[in-house]
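# Observations on the three-dimensional arrangement
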Amino acid sequence: MTKSTTPPPTLQQKYSGVPERLASIAQEAKDRLYSNKTAPESVPRQRELPRLPPNITREAFNGAISVLRQKLGSGNVVLNDKPLVDGWYIEHPNTHDAFHVVDQEELVCSAIVYPGSTTEVQSVVKWANKYSIPVYPISMGRNVGYGGSAPRVPGSVVIDLGRRMNKILKIDAENASCVVEPGVSYFALYEEIQRRKLPLWIDTPDLGGGSVLGNAIDRGVGYTPMGDHFANHCGMEIVLPNGGLLRTGMGALPGKDGTDNPTWQSFQPAYGPYSDGIFSQSNFGIVCQMGFWLMPETGHQSYMVTFPNEEDFPSIVEIIRPLAQKRILGNIPQLRHVVQELNVTGLPKSHWYSGSGPIPREVVRRHASKMDCGNCSWVFYGTQYGDDASIKTQMNIIKDSFSKIEGSKFFLPSDLPSEHYIHSRALVCSGVPVLRELDWLNWKPNAAHLFFSPITPTRAEDAKIVHEINVRLHQKYAFDLFPTLCVAGREMHYIANIIYDRSSDDEKKRAAGLMRELIAASAKEGYGEYRTHVLFADQVAGTYNWNNSALMRFNETIKDALDPNGILAPGRNGIWPKKYRGKGWEITGTEVGNAIGGGSITPKSKL
Ligand code: ADP
């Protein structure tokens, strides 16, 4: 019997909480996770506290912090000198990476600052320039699998925007758009739209607790027809690394009598170079407001198709491509390996398999045969949109296409029991944020995960190469392979979720080794990642090296022009300011693995 944990906060209690409708589900998810936990909630910290930013004395740091306290109020500047607690998805830390890959104490900030307005963000940035202290902005800091709230440079000051800047500034029902601050989660935006009874959908990722703004600038995805979050944003307000303020898009044109421009959330590029892109996955600015398009609500129908053989994989991809290009597929559907039907039940691996090492294919087959999906190898989750007649037409074409694969089977949610995962997909694919995907983490005790996320063309031969690299290397490093493919008409995000026990240095070292080799092996074949954990950012950025790394040189030129003192998120996305470059900060070899178990990723040399 699971011991009950303290109740997770609701949205009424905390901006980062869960909606009332999910309170008991969140409690159960938390109980399940904690019942699987063998590691202590926190361990005594070994190093001097707080961890200092590079190149600064304790005296100078203390002086700078007291100045910051005067500017923002002492309650809004908090030192990171207490025991570190990983917590869980809803009660997550802003002190470090809860899913630590290196030691828990390595990727930590020195302090956290909570600005309450764009003006206060400007003031923090000016302070950082004056005292040469690196700052690292987060919106909500949930970024699970990609580094959480951890700064790349230990000892940076985290600017936690979400705690005090969490307003929905505008919902324009006629324009089907909204403007949000960094601390607005998918849960909060969804609940507000429901409260106002507006016929609008949001687009949510698999988990609904993330920041709408933070996810979009990290180029996250969701699953309605508006699943490309960055592509569906319209207008930003940004604090630049020198403290200056910029509005992009139509926001650059002042509205009448000092109002916001009336077309700020209507037309993306405005006039001149389209600058928004450089503020996504970068360290060129701090986004304080962002506009998004919403989707008018519509009819929808989710479904699942199963395919019997491992070898069906390339044929499935070939069938999806024209369906997606012709926009018959209504959203970005997911293709998953059947092993995930086991793990989305939320039951631990030990329930299915008592041996060590990856779960054998035969064992998966034995269990799957007794489950709703049956003895299959691949499972496709799709959703169609529109009125009943058009959904019917689309579904007929889709059924017809997939039926070319012998043994494929088609299911509607009504064919499957209420606890089946399809019901959670149906919600996500119609813009309802949920928590179900957390159940992955019950697979192992103390589970954390890393995402390996390469992009491949939607083409059988490419998909096979990337899949085979994953199969081979997961086997080599003894991890279960959990591939999910988010498939569009021309490209697929192949997402492998590497689940490891964060209390085991051996598992961490193997997870880090696996990531490193996956990135290198895929790049050799011409495939690159769309997003990665902060610790692998240098390696991934380094694979985009065409023409003597022209792209990185271009990024560095922009970085040095905008941030000459190198204070804003140094190293994020592999972009290092001049001050840090070539001084041992870039992680290009085995540094991550070597640092696990008492080492450090921080170079000894001075800046
Ligand atoms: P989420 O809570 O949605 O997962 P985060 O707040 O963790 O998102 O943001 C993901 C990453 O994007 C952060 O680690 C940070 O590097 C960057 N980021 C987040 N918010 C901002 C922002 N407002 N301005 C600039 N960069 C940001």
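For the protein, the name recorded in an unreviewed UniProt entry is Glycolate oxidase, with Delitschia confertaspora ATCC 74209 as its organism. Its UniProt record gives the protein the following Cofactor (unreviewed entry) comment, quoted word for word: "FAD".

A tally of regular secondary structure across the protein gives 16 helices and 19 strands. Taken over C-alpha atoms, the radius of gyration comes to 24 Å for the protein, in line with the 25 Å a tight globule of 607 residues would show. If you line up the protein on its principal axes, its C-alpha atoms span 70 × 60 × 55 Å. Burial status across the protein gives 59% buried among its 607 residues. Considering only intrachain contacts with a sequence separation of at least 6, the fraction spanning at least 24 residues in the protein is 74%.

Turning next to the side chain of Glu 181. Inspection of the secondary structure puts Glu 181 in the loop between strand E6 (177-180) and helix H4 (186-195). Classification of Glu 181 as buried rests on a relative accessible area of 7%. A distance of 3.0 Å separates the side chain of Glu 181 from the backbone nitrogen of Lys 167, its partner in a polar contact. What Glu 181 contacts, discounting residues up to four positions off in sequence, is Met 165, Asn 166, Lys 167, Leu 169, Leu 213 and Cys 288.

To continue, consider the sheet that holds strand E4 (residues 157-160). The 4 strands are arranged E1-E2-E4-E3 in an open sheet whose pairing can be described as mixed. On the outer flanks of this sheet lie strand E1 (77-79) and strand E3 (135-138), each paired with one strand and no other. Adjacent strand axes in the sheet meet at a mean angle of 25 degrees when their direction is disregarded. With 4 bridges joining them, E3 and E4 adopt parallel strand pairing. In the sheet register, Pro 137 faces E4, and the bridge partner there is Ile 159. Of the strands in this sheet, E1 and strand E2 (111-113) are in contact with helix H2 (residues 58-72), which crosses E1 at around 150 degrees.

We now examine empty space enclosed by the protein. Enumeration according to the criterion identifies 5 cavities of 30 Å³ or more in this entry. Each pocket or cavity is described by its volume, and for the second largest cavity that value is around 130 Å³. Every residue lining the second largest cavity is counted, 13 residues in all, and those nearest its centre are Asp 203, Val 212, His 229, Phe 292 and Trp 293. Those elements giving two or more residues to the lining of the second largest cavity turn out to be H4 and strand E10 (286-293). For the lining of the second largest cavity, the residue count by class is 10 nonpolar, 2 polar and 1 charged.

With that settled, the discussion passes to the state of the cysteines. Tallying each qualifying case throughout the model produces 0 disulfides. With no disulfide of its own, Cys 178 lies 11 Å from the sulfur of Cys 234, the closest cysteine sulfur. Judged by its relative accessible area of 1%, Cys 178 is buried. With no disulfide of its own, Cys 288 lies closest to Cys 178 among cysteine sulfurs, the gap being 16 Å. Judged by relative accessible area, which is 0%, Cys 288 ranks as buried.

All told, the structure shown has 33 salt bridges when counted by the stated rule. Across the pair Glu 191 and Arg 21 runs a salt bridge whose closest N-O atoms are separated by 2.7 Å. Of the two residues, Glu 191 is situated in helix H4 and Arg 21 in the segment before helix H1 (23-35); the sequence distance between them amounts to 170 residues. Among the residues examined, Glu 191 registers a relative accessible area of 24% and is labelled partly exposed. Judged by its relative accessible area of 36%, Arg 21 is partly exposed. In this structure, Glu 437 and Arg 336 form a salt bridge, with 2.7 Å as the shortest nitrogen-oxygen distance.

So, about the domain arrangement of the protein. How big an interface is tends to be reported as the loss of accessible area on association of its parts. What the domain assignment lists for the protein is domain 1 (20-160), domain 2 (168-296) and domain 3 (300-535). Between domain 2 and domain 3, the C-alpha centre-to-centre distance is 29 Å. Every contact between the two is made by 21 residues of domain 2 and, on the other side, 21 residues of domain 3. Taken together, the connections running from domain 2 to domain 3 amount to 2 salt bridges. Taking the shortest distance from any N to any O, the salt bridge between Asp 206 and Arg 425 comes out at 3.0 Å. Where domain 2 touches domain 3, the interface holds 7 residue pairs in polar contact (both at pLDDT 80 or more). The dominant element in the side of domain 2 that touches domain 3, judged by the number of residues it contributes, is H4, at 3 residues.

Quick notes on the rules
- Residues numbered from 1 in each chain as written.
- Predicted model: local features only at pLDDT ≥ 70, side-chain atom pairs only at ≥ 80, totals over all residues.
- Heavy atoms only, no water.
- UniProt positions renumbered as here; feature names shortened; annotations may be inferred.
- Helix = DSSP H or I, 4+ residues; strand = E, 2+ residues; numbered from the N terminus.
- Rg over C-alpha atoms; globule rule 2.2 N^0.38 Å.
- Buried < 20%, exposed > 50% of the residue type's maximum accessible area, 1.4 Å probe, protein only.
- Contact = heavy atoms within 4.5 Å.
- Polar contact = N/O pair within 3.5 Å; in protein donor to acceptor, adjacent residues only side chain to side chain.
- Pairing = 2+ DSSP bridges.
- Axes fitted to C-alpha atoms, helices over the stretch in contact; angles between N-to-C directions.
- 1 Å grid on protein atoms, 1.4 Å probe; cavity = no way out; pocket = protein on both sides within 12 Å on 5 of 7 lines; lining within 4 Å.
- Points joined across faces, edges and corners; volume = space filled by probe spheres on them.
- Nonpolar A, V, L, I, M, F, W, Y, C, P; charged D, E, K, R; others polar.
- Disulfide = S-S within 2.5 Å.
- Salt bridge = Lys/Arg side-chain N within 4 Å of Asp/Glu carboxyl O.
- Domains from an automatic or database assignment.

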